[in-house]
Amino acid sequence: MATPSDSSTPRGEAWVWFSGLGLIVGLGMVIGLLSLVFLNGATVFWAPPVPMAELDDGRALIGQLAQRRIRAGSPVDQPKYERQYQVGLRELNGNSYLWVDEARIKAETFPADILGLERVENGPAFVRPQSLRRSDGQVVAIAEPAFEAAFQAEVAAASAVREKLVEITRHRIGEVNAAMDRARVALRRAEDLKLADEIAARKAEIAVLDERYAVLQAEAAKVTAGGAVASLVARDAAGREVVVPLTQVIRAWFPNRLDTWGRVQLYASRLGEFIFDEPREANTEGGLMPAIFGTLVMTVFMSLLVTPFGVITAIYLREYAQQGPLLRIVRISVNNLAGVPSIVFGVFGLGFFVYVLGGSIDQLFFADQLKYNNNTPVFGTGGLLWCSLTLALMTLPVVIVATEEALAAVPRGMREASLATGASKWQTIRDILLPASAPGILTGVILAMARGAGEVAPLMLVGVVKLAPSLPFDGSAPFLHMDRKFMHLGFHVYDLGFQSPDSDAARPMVFATTLLLIVLVVCLNIGAIWIRNRLRARFKGASF
């Protein structure tokens, strides 16, 4: 029998089991979290059958089942349940969701004529259609065989009208407004400097822009009037008549008639809208293209900014700085910087980057904008550039430490061989050390990207907004506008979860947006890992 002093007794075996247990618990928590997000986020766009529930008081409701839970205060041994239905028609019901005690439900049926509508305003609607008034004034009853085809054709025509209206009001009128702002600033400057010829030219330019604006407004009014004719007449579960202009309808489907392939097509249509369209209804519906674009551009710029600064700092600390107390203090400071709360970096970014650096840039290069445009700042307010710099500063310690470790892992023989052939120290660093340590450097960049892409607190202070009127990238010079505010997926999750006026409608979008953010970060990391592996294959002799 082995005794405590027996050398054959395994030592530390209990800690090995505890370490394994910790790994299993950690993996279980990660897998559980990802499964929760995936199941709730991926099913948001699926269209299940929609029931009509008859209640014990004679009332009825039509709605999509959202969730089922144990009613608060019910006995543990005999739990009672309640259901939440998405009934829509917020303009009539006051709310899009309704809780119903399961015991009050007498029967549930699935009528084939229930129609689901996704609308521009007031959320979805579940109704029983009665007739369609077409654009030519003809009325098509629900009993006619041509109703469904005529209805879908009118919905497509109304969608084309809506897109044309957006193109006029947002793009063409937006360009006129931007040109008008520039012309008015130039006019105020000319009036201040008493430049008669410039004043006349600017007034003429403003008059031309006013005429162009009036023409576009008239064109938009004509498009609106022409597209507001078609409408759907329907009734809700209570028998109330509902008239829905088709210009307000984004998508329509009969949920209890769809087969599996039809539901897959509807799922793909909703998913495409979610990725490529803009948000609507206080961000609880629509797409996330501005937030996806903003997150991607900000993360890429942050990586481009943090990589050179982190690598240069690590090279100096590792290869040039003299060992001593001062260097140890610097390294301790760098390591401690990684533990500073992110909101502190946001306050620093607001105080230094936005107010000091941005204000100085405005004073030097945009003095006319400040003087003649109501003191409106250009770079002296939050924007994409300052968000990228703030997050680059926050993730700088990660890149510094990873680069130092990568440089230290390069075999000493490679340095000595380079120096023995007559290469200088800088040539050795440039041609030997940096290429060989590139995989380790990219590891630090990957970690920095993963942290920076999900940060929210500092961005709230230096440039992220709930809804951005325009993307940082467009067709007007200089094409990439680093001074513009932008949307971010992380802030979008926070806004939906804590600032939304309709928490029930926002809950599905919270999971869908979280899943999209995870997928975006994973894709960025996969790209960086692929590059790292390609570089690592070229330097198999180095150990990392």
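Conventions we followed
- Residues numbered from 1 in each chain as written.
- Predicted model: local features only at pLDDT ≥ 70, side-chain atom pairs only at ≥ 80, totals over all residues.
- Heavy atoms only, no water.
- Helix = DSSP H or I, 4+ residues; strand = E, 2+ residues; numbered from the N terminus.
- Rg over C-alpha atoms; globule rule 2.2 N^0.38 Å.
- Areas by Shrake-Rupley, 256 points an atom, 1.4 Å probe, with all protein chains shown as cover.
- 1 Å grid on protein atoms, 1.4 Å probe; cavity = no way out; pocket = protein on both sides within 12 Å on 5 of 7 lines; lining within 4 Å.
- Points joined across faces, edges and corners; volume = space filled by probe spheres on them.
- Nonpolar A, V, L, I, M, F, W, Y, C, P; charged D, E, K, R; others polar.
- Expected span 1.5 Å × (residues − 1).
- Buried < 20%, exposed > 50% of the residue type's maximum accessible area, 1.4 Å probe, protein only.
- Arc of directions from axis to C-beta.
- Phe/Tyr/Trp six-rings, centres within 6.5 Å; stacked < 30°, edge-to-face > 60°.
- Axes fitted to C-alpha atoms, helices over the stretch in contact; angles between N-to-C directions.
- Parallel < 35°, antiparallel > 145°, perpendicular 65-115°, else oblique.
- Left-handed = near helix turned anticlockwise from the far one by under 90°.
- Contact = heavy atoms within 4.5 Å.

(A) Seen up close, the overall build of the chain. Check the secondary structure of the chain and you find 15 helices and 14 strands. Relative to the globule expectation of 24 Å for 544 residues, the C-alpha radius of gyration of the chain, 31 Å, shows a markedly less compact shape. Once the C-alpha set of the chain is aligned to its principal axes, its extents read approximately 100 × 90 × 40 Å. Of the roughly 29,000 Å² that the chain leaves accessible, carbon and sulfur atoms contribute 63%.

(B) Examining the layout of surface pockets more closely. Empty space within the second largest pocket amounts to approximately 800 Å³. Along the walls of the second largest pocket sit 31 residues, with Val 44, Gln 64, Gln 86, Tyr 97 and Pro 508 positioned nearest its centre. Of all the secondary-structure elements, those providing two or more residues to the lining of the second largest pocket are strand S3 (64-70), strand S4 (81-86), strand S7 (115-119), helix H5 (260-276), strand S14 (285-286) and helix H15 (503-538). When residues of the lining of the second largest pocket are assigned to their parent elements, the largest contribution, six residues, is made by H15. Split into classes, the residues belonging to the lining of the second largest pocket amount to 14 nonpolar, nine polar and eight charged.

(C) Layout of H5. For H5, built from 17 residues, the straight-helix expectation of 24 Å at 1.5 Å per residue is met to within 8% by its first-to-last C-alpha distance of 24 Å. Every buried residue of H5 is listed here: Gly 262, Arg 263, Leu 266, Arg 270, Glu 273 and Phe 274. Buried residues of H5, viewed axially, fall in a sector of 115 degrees; they line one side. Counted as exposed and oriented over 90 degrees from the buried face of H5: Thr 260, Trp 261 and Phe 276.

(D) Here's a closer look at the packing of aromatic side chains. Summed over the entire model, instances satisfying the criterion amount to 14 aromatic pairs. With a centroid separation of 5.0 Å and 50 degrees between ring planes, the pair formed by Phe 45 and Phe 274 is classed as tilted. With Phe 45 in the loop between helix H1 (13-42) and strand S1 (52-55) and Phe 274 in helix H5, this pair connects stretches of sequence that are 229 residues apart. There is no split in this pair, since Phe 45 and Phe 274 are both buried. Considering the side-chain rings of Phe 147 and Phe 151, the 6.0 Å spacing of their centres and the 5 degrees angle between planes classify their relative orientation as stacked.

(E) Molecular detail of the packing of helix H14 (residues 489-498) against H15. At a minimum axis separation of 9 Å, H14 and H15 run at an interaxial angle of 165 degrees. As far as their axial angle goes, H15 and H14 are roughly antiparallel. When you trace H14 past H15, the crossing you get is left-handed. On H15, the residues touching Leu 489, Gly 490, His 492, Val 493, Leu 496 and Gly 497 of H14 are Ala 506, Met 509, Val 510, Thr 513, Thr 514, Leu 516, Leu 517 and Leu 520. Within the contact of H14 with H15, the residues separate by chemical class into nine nonpolar, five polar and no charged.

Remember that the coordinates give geometry; whether it matters functionally is a separate question.
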